[in-house]
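Inside the fold
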There are 2 protein chains.
Amino acid sequence: MNDLLKNMRIVEASAFIAAPYAGLVMGQMGADVIRIDPVGGGLDYRRWPVTRDGRSLYWASLNKGKRSIALNVRDAEGREIAQALMTQPGAGSGILLSNLPARGWLDFQSLKKRRDDLIMINITGNRDGSVALDYTVNAAAGFPSVTGPDHYDRPVNHVMPVWDVVAAMSAVQGILVSELHRRETGAGQFVQIALSDTAFATLSHLGYIAEVQVNGDSRPRMGNHVYGTYGQDFETADGRRVMVTAFTQRHWQALVDATGMAGKMEQVAELLDLDLMKEEDRFAARETITAVLRPWFSGRSLSSVRRALDATGACWGPYQTFAQAVTEDPRVSAANPIFEEIEQPGIGRFLAAGCMLDFSGAARGTVKPAPILGQHTDEILADLLGLSSGRIGALHDSGIVAGPTE
Amino acid sequence: MNDLLKNMRIVEASAFIAAPYAGLVMGQMGADVIRIDPVGGGLDYRRWPVTRDGRSLYWASLNKGKRSIALNVRDAEGREIAQALMTQPGAGSGILLSNLPARGWLDFQSLKKRRDDLIMINITGNRDGSVALDYTVNAAAGFPSVTGPDHYDRPVNHVMPVWDVVAAMSAVQGILVSELHRRETGAGQFVQIALSDTAFATLSHLGYIAEVQVNGDSRPRMGNHVYGTYGQDFETADGRRVMVTAFTQRHWQALVDATGMAGKMEQVAELLDLDLMKEEDRFAARETITAVLRPWFSGRSLSSVRRALDATGACWGPYQTFAQAVTEDPRVSAANPIFEEIEQPGIGRFLAAGCMLDFSGAARGTVKPAPILGQHTDEILADLLGLSSGRIGALHDSGIVAGPTE
C-alpha cells in the first residue's frame with residue numbers, strides 16, 4: 001500500500017463483495033480501514049473458495065490490509081461502540097462505508113446527530129432498497145442473452161461479478177469526491193449507490209440503450225466475435241487457443257503481416273467488395289477472414305504464434321485458465337510490481353496484488369495480508385475510543401467484543 | 001450532472017472506452033471535461049453501434065456532457081495548443097487523462113516543465129507499454145475458460161468490456177486521489193494504469209490466485225451456477241427465464257417459502273445428508289434442489305413467478321434482452337432519477353444515464369448530451385487560451401483546428 005490517503009480513516013460495515021472491495025482499494029492507497037464484523041464472523045466469513053480446513057480465501061483476499069474489530073451490534077453497548085467509531089472526531093475520519101441496510105445502528109440521521117459532517121456511503125441492491133445481487137442484476141441487464149456460442153439459445157451468466165466491482169469502484173469515487181467536497185465546504189454527505197443502477201448506467205454509457213431506442217434493435221449473440229470490428233478466437237496446433245483483435249488499421253496490418261496474408265486479404269476484399277482497412281468492413285467479412293486465417297493458427301504452436309504476432313505488434317492474447325495465468329504468465333508474478341507474496345496467518349503464502357495504480361509521487365509500499373477476525377479489537381478500543389483495559393476486559397467477558405480467535 | 005467537482009478541469013486525449021468512460025464519470029460529477037480529438041474525429045469516432053446514417057451511438061454515449069475541441073496535433077502549432085490546455089494554470093486545472101501513448105505531445109516530462117504540479121493519468125494495455133485490449137486481457141485472465149454451458153469445451157468471451165470499465169473507474173480514483181494529494185502538498189503526479197493489471201489485481205482481490213496457489217486447483221466451468229452457493233436459472237411457462245439465488249439463510253428461506261417446498265427440501269437434506277441452511281451444502285445439493293424447483297417454475301408464467309418470489313423477498317431477477325430492459329424495466333426509464341431523455345444533435349432523443357451515485361448534498365442536475373465534434377473549439381481557444389478571433393480564424397484556415405462540422 002502507498003500512503004497517499006494516510007490521513008483518512010474508513011469504518012467498513014459490510015459483507016460479500018462491493019463494500020469490502022471498496023474498502024480494500026481505499027486501504028491500498030493508505031487509508032486506515034477498520035472492518036466491523038460480528039463476533040464469530042459475518043455472512044461472508046466462510047465463503048468459498050475455502051482451504052481444506054475451511055478458511056475463506058475469498059475473505060482473506062478481499063480484506064487485505066484492513067484492521068478488524070469483532071463486535072456484537074445486537075447489544076446496545078456494541079452499537080454504541082460501532083457508532084462512536086463511525087463518528088469519531090478528526091479530519092479524515094467520520095467516513096462510513098457499508099452495503100448493509102442503512103437503518104438501526106446504520107441509520108444516517110442518527111449518525112449525523114453524532115457527527116454533522118459524516119460521510120456515509122451506502123450500497124443497496126435496487127434503488128428502492130429491494131434485494132438484488134450481481135447475478136440477478138446481470139440477468140436483467142441483457143448481457144447473458146448475447147454471451148456464449150452462436151445459436152446457443154439460453155442465457156450465459158458471467159462468472160466475474162462485474163457489477164459488484166463497478167459498484168465498489170463507484171463507492172470509492174463517492175468517498176473521495178465527498179471528502180474533497182467536505183474539505184472545501186465542511187459539509188458531509190449521504191451517498192447511495194444501487195447495484196442495479198451501475199449496470200443500467202453502463203448500458204447507457206456504452207451505447208446499448210441508444211442502440212435499442214434509436215435503431216430499434218438489439219444486437220444478436222455472436223460468440224467470440226466483437227461487435228462492429230474484427231475479433232476472433234483460434235485454436236493452435238498444440239491445443240491452446242488465442243484471442244486476436246484488429247480494431248485499428250495498424251493492428252489489422254500487423255495481423256496481416258504476421259500471418260503473411262496480404263495477398264489473400266486482397267482477394268477477400270475483392271470477393272466481398274469490401275475495404276478491409278475499414279473496421280466495419282472487417283466486421284462484415286469476419287467469417288471469411290477467419291476462414292482464411294484459421295489454417296495459419298491451427299498449423300502452429302502457441303509459442304510460434306506468439307513469436308510471429310509479437311514481431312509485428314499484433315493485438316492478441318492467449319486464453320489461459322486461472323491456473324495457467326498464475327503459473328505461466330509473468331504478469332501474474334512477483335516480477336510485476338503490483339504483486340507480492342504475502343504470508344496470510346492461518347492460510348499460508350500466496351501472491352497478492354496491491355494498488356492497481358502506479359503513482360510517481362508515492363512508493364508502492366508493501367502488500368499487507370488480511371487481519372485475523374478480531375485481531376485489532378483491543379487496540380481500536382484503546383487507541384481510538386480511549387477505553388481502559390478494565391473496560392475492554394469487561395466487554396470481552398460479556399461477549400460484546402472478541403479478539404483474535406484462531 | 002451534479003456540481004461537486006465544478007472546480008476541476010480535465011483535458012482528455014483519448015479513444016475507445018477506458019479514458020473516455022473516466023472522463024464521462026468526472027464530467028457527470030461537475031468537472032469541466034475537454035476532449036481533444038483530431039480534426040475529422042479519432043479512431044473511435046465512427047465506432048459501432050452507429051445510426052442508419054453512420055453516426056456513432058457509442059461515441060455519443062461515452063462523451064456525454066464533455067466539451068469538444070478538434071485539433072490537428074501533427075502540426076507543431078496544434079501540439080502547442082494541446083499542451084497549453086493541459087498545463088493551463090489555476091487550481092483544479094492541470095489534469096490530463098489519456099489512454100494514448102505517453103510520448104511526443106503527451107510526454108509527461110515535457111508537460112511537467114510547463115506545469116510542475118501537473119496530474120497526468122495514463123492508461124496502457126500492458127505495464128511494459130505493449131498492446132492489450134479488454135478482449136485479449138480477458139482471455140488471459142481465465143474467466144472465458146469457466147464461462148458458458150457445462151461441458152462446452154471452448155472459451156466464452158464476455159460481451160461487456162469489464163476491464164475497460166474497471167480501468168476507467170481506477171483512472172477516476174487516480175485523478176481524485178492525486179488532486180486530494182496536490183491540495184495537501186502542492187505536488188503533481190504521473191499515474192499509470194495497465195489494463196491487464198486491473199484484471200490480474202481483481203483475480204487477487206476475489207481469491208482466484210489464492211485458490212490456485214493454496215488449494216492447487218482451478219475451479220471448473222459450471223454453467224449458470226454460482227460457485228460455492230446456490231444460484232440457478234429456470235425457464236418459466238411463458239418461455240422467459242429467471243435467475244434465482246440463495247446465498248444467505250434468509251434468501252434460502254424466502255425461496256423455499258415462495259415455492260412451498262419446505263417439505264421437499266427436508267427430503268433433499270435427508271437424502272443427501274446435508275444441512276441446506278449452510279451455503280456450501282446448498283452448493284453441494286444444487287442439482288437436486290434445481291430438479292425439485294424446476295417444475296414449479298416451468299408451470300408458472302413470469303408474472304406469477306414474480307408475484308410469488310417478491311412476496312417473500314426472494315433474491316431473483318428475470319433475464320432480459322437489451323430491448324426488454326429498455327422497454328419493460330421501470331429501472332431503465334425516466335422514472336429512475338439517474339435517467340433522463342436527452343436530445344442528441346444529429347441523432348435524436350434517447351434515454352441517458354447521469355451519475356451512478358446519489359449525493360444527499362448535491363442536486364443531480366441534468367444529463368447533458370455529447371458535443372458535436374469541434375463544437376467548443378472556438379470558445380476554448382478564446383476563453384481558456386485568450387486567442388483573438390483573428391488568430392482563431394487563421395488556425396481554422398490552416399486546418400490546425402476545426403469547428404462543428406455536421
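Cut-offs applied
Residues numbered from 1 in each chain as written. Chains lettered and ligands numbered in written order. Predicted model: local features only at pLDDT ≥ 70, side-chain atom pairs only at ≥ 80, totals over all residues. Heavy atoms only, no water. Pairing = 2+ DSSP bridges. Helix = DSSP H or I, 4+ residues; strand = E, 2+ residues; numbered from the N terminus. Axes fitted to C-alpha atoms, helices over the stretch in contact; angles between N-to-C directions. Contact = heavy atoms within 4.5 Å. Core = buried A, V, L, I, M, F, W, Y, C linked by side-chain atoms within 4.5 Å. Buried < 20%, exposed > 50% of the residue type's maximum accessible area, 1.4 Å probe, protein only. Parallel < 35°, antiparallel > 145°, perpendicular 65-115°, else oblique. Nonpolar A, V, L, I, M, F, W, Y, C, P; charged D, E, K, R; others polar. pLDDT = per-residue confidence, 0-100. Buried area = accessible area lost by both parts, 1.4 Å probe. Salt bridge = Lys/Arg side-chain N within 4 Å of Asp/Glu carboxyl O. Polar contact = N/O pair within 3.5 Å; in protein donor to acceptor, adjacent residues only side chain to side chain. Least-squares fit on C-alpha atoms with pLDDT ≥ 70 in both. Phe/Tyr/Trp six-rings, centres within 6.5 Å; stacked < 30°, edge-to-face > 60°. Left-handed = near helix turned anticlockwise from the far one by under 90°.

Moving on: the sheet that holds strand β9 (residues 315–318) of chain A. Reading across the sheet, the 3 strands line up as β7-β8-β9 (chain A) and stay open at both edges, with antiparallel pairing between neighbours. Across the chains shown, the open sheet's two edge strands, defined by having one partner strand only, are β7 (230–235) and β9 of chain A. Across this sheet, the average inter-strand angle for adjacent strands is 15°, counted without regard to direction. Both strand β8 (residues 241–246) of chain A and β9 of chain A contribute to a ladder of 4 bridges, which runs antiparallel. Bridging from a neighbouring strand, T245 of chain A pairs with C315 of chain A of β9 of chain A. Lying on the sheet, helix α12 (residues 286–298) of chain A is in contact with β7 and β8 of chain A; it crosses β7 of chain A at an angle near 35°. Along the sheet face, helix α5 (residues 134–141) of chain B touches β8 and β9 of chain A and points at about 10° away from the line of β9 of chain A.

Looking now at the nonpolar core. Grouped together as the largest cluster of nonpolar side chains are 150 residues, with contacts concentrated most on Y21 and M26 of chain A together with Y21 and M26 of chain B. In terms of nonpolar packing, the next biggest core, distinct from the first, is built from 27 residues, W252, L255, M265 and L302 of chain A among them.

This brings us to unusual backbone geometry. P49 of chain A follows W48 of chain A through a cis peptide bond whose omega is 0°. With respect to the helices and strands, P49 of chain A occurs in the loop between β2 (32–37) and α2 (57–62). Of note, F16 of chain B is a non-glycine position whose phi angle comes to about 65°, a positive value. By relative accessible area, F16 of chain B is classed as buried at 16%. If you check the backbone angles, D273 of chain B has positive phi at about 60° while not being a glycine.

Next up on the list: the sheet that holds strand β7 (residues 230–235) of chain B. Ordered in space as β7-β8-β9 (chain B), the 3 strands form an open sheet in which the pairing is antiparallel. Edge positions in the open sheet fall to β7 and β9 (315–318) of chain B, since each of these has one partner strand only. Pairs of neighbouring strands in the sheet enclose a mean axial angle of 15°, with direction left out of account. Sheet strands touched by helix α5 (residues 134–141) of chain A: β8 (241–246) and β9 of chain B. Its angle to β9 of chain B, the strand with the most contacts, is close to 10°. Of the strands in this sheet, β7 and β8 of chain B touch helix α12 (residues 286–298) of chain B, which is tilted by about 35° from β7 of chain B.

Any two packed helices are characterised by the angle at which their axes cross and by the distance between the axes. All names here are of chain A. The geometry of α5 relative to helix α6 (residues 162–185) is characterised by a closest axis approach of 8 Å and an angle of 105° between their N-to-C directions. Between α5 and α6, the angle falls in the class roughly perpendicular. Counting all contacts with α5, which are made through D134, V137 and N138, the residues of α6 involved are V162, W163 and D164. Taken together, the residues of the contact of α5 with α6 break down into 3 nonpolar, 1 polar and 2 charged.

Attention shifts here to the confidence of the model for chain A. Detailed reading of the predicted coordinates is not advisable wherever pLDDT is low. Per-residue confidence for chain A gives a mean pLDDT of 96, with 100% of residues at or over 70. The ipTM, which scores confidence in the relative placement of chains, is 0.97 for this predicted complex, and the corresponding pTM is 0.97.

With 142 residues of chain A at the interface, the matching set in chain B holds 142 residues. For the pair chain A and chain B, the summed buried surface comes to about 12600 Å²; carbon and sulfur atoms form 67% of the total. Ranking the residues of chain A by area buried against chain B places W48, H205 and F322 of chain A at the top, with a combined share of 7%. The closest approach of N and O atoms between R127 of chain B and D358 of chain A, which form a salt bridge, is 3.0 Å. Taken together, chain A and chain B are joined by 50 residue pairs in polar contact (both at pLDDT 80 or more). For the side of chain A that touches chain B, the element with the highest residue contribution is α6 of chain A, accounting for 17 residues. Tallied by class, the residues present in the side of chain A that touches chain B amount to 80 nonpolar, 41 polar and 21 charged.

For the pair of chain copies, the relating transformation is a rotation about an axis with a translation along it. For the match of chain A to chain B, the screw axis carries a shift of 0.0 Å, the RMSD comes to 0.0 Å, and the turn is 180°. As the rotation angle and translation indicate, the two copies are arranged about a two-fold axis. The share of interface residues of chain A whose copies in chain B are also at the interface is 100%, consistent with both copies meeting through the same surface.

What follows deals with the packing of aromatic side chains. Under the definition given, this model contains 28 aromatic pairs over all chains. Aromatic pair F234 of chain B and F297 of chain B: ring centres 4.3 Å apart, planes at 10°, arrangement stacked. You can see F234 of chain B sitting in strand β7 and its partner F297 of chain B sitting in helix α12, a full 63 residues away along the chain. Among the residues examined, F297 of chain B registers a relative accessible area of 0% and is labelled buried. Ring geometry for W296 of chain B and F297 of chain B: centres 4.9 Å apart, planes at 80°, overall edge-to-face. Neither residue differs from the other here; W296 of chain B and F297 of chain B are each classed as buried. Ring pairs connect the aromatic residues F143, W163 and Y208 of chain A together with F322 of chain B, which therefore count as one cluster.

Now for the pairing of β7 of chain A. Residue and element names in this part refer to chain A. With 5 of its 6 residues buried, β7 lies for the most part within the structure. When β7 meets β8, the two strands line up antiparallel, connected through 6 bridges. Note on β8: the bridge partner recorded for E235 is R241. Between β7 and β8, which follow one another and run antiparallel, lie 5 residues, and G239 among them has a positive phi close to 80°.

This part takes up the packing of helix α9 (residues 249–259) of chain A against α12 of chain A. Residue and element names in this part refer to chain A. For the pair α9 and α12, interaxial distance at closest approach is 11 Å and the crossing angle is 45°. With respect to their mutual orientation, α9 and α12 come out oblique. Crossing handedness for the pair α9 and α12: left-handed. On the side of α9, the interface is formed by W252, L255, A258 and T259, while α12 contributes I289, L293, W296 and F297.

Residue and element names in this part refer to chain A. Of all 11 residues making up helix α7 (residues 195–205), 11 are buried, and the element is well covered by its neighbours. Looking only at α7, the buried set comprises L195, S196, D197, T198, A199, F200, A201, T202, L203, S204 and H205. The first or second residue beyond α7 is G207, which carries a positive phi of 95°.

This next bit is on the pattern of salt bridges. One pass over the full model with this rule turns up 50 salt bridges over all chains. Taking the shortest distance from any N to any O, the salt bridge between E279 of chain A and R47 of chain B comes out at 2.9 Å. Of this pair, E279 of chain A sits in helix α11 (residues 279–284) while R47 of chain B sits in the loop between β2 (32–37) and α2 (57–62), placing the two residues on different chains. Salt-bridge contacts for D358 of chain A lead to R364 of chain A; the nearest nitrogen and oxygen are separated by 2.5 Å. Note on R364 of chain A: relative accessible area 21%, which makes it partly exposed.

This part takes up the side chain of R35 of chain B. Residues and elements named next belong to chain B. Assignment of secondary structure puts R35 in strand β2. The class for R35 is buried, based on a relative accessible area of 1%. When sequence neighbours within four positions are dropped, the list of residues in contact with R35 reads E12, S14, A15, P20, D44, W59, N63, K66, R67, S68 and I69.

What follows covers the environment of T51 of chain B. With respect to the secondary-structure elements, T51 of chain B resides in the loop between β2 and α2. Judged by its relative accessible area of 8%, T51 of chain B is buried. Placed 224 residues apart in sequence, T51 of chain B and D275 of chain B show a C-alpha to C-alpha distance of 55 Å. Those residues in contact with T51 of chain B that lie beyond four places of it in its chain are V214 and N215 of chain A together with L57 and I347 of chain B. A polar contact of 2.6 Å, which involves the side chain of T51 of chain B, links it to the side chain of D53 of chain B.

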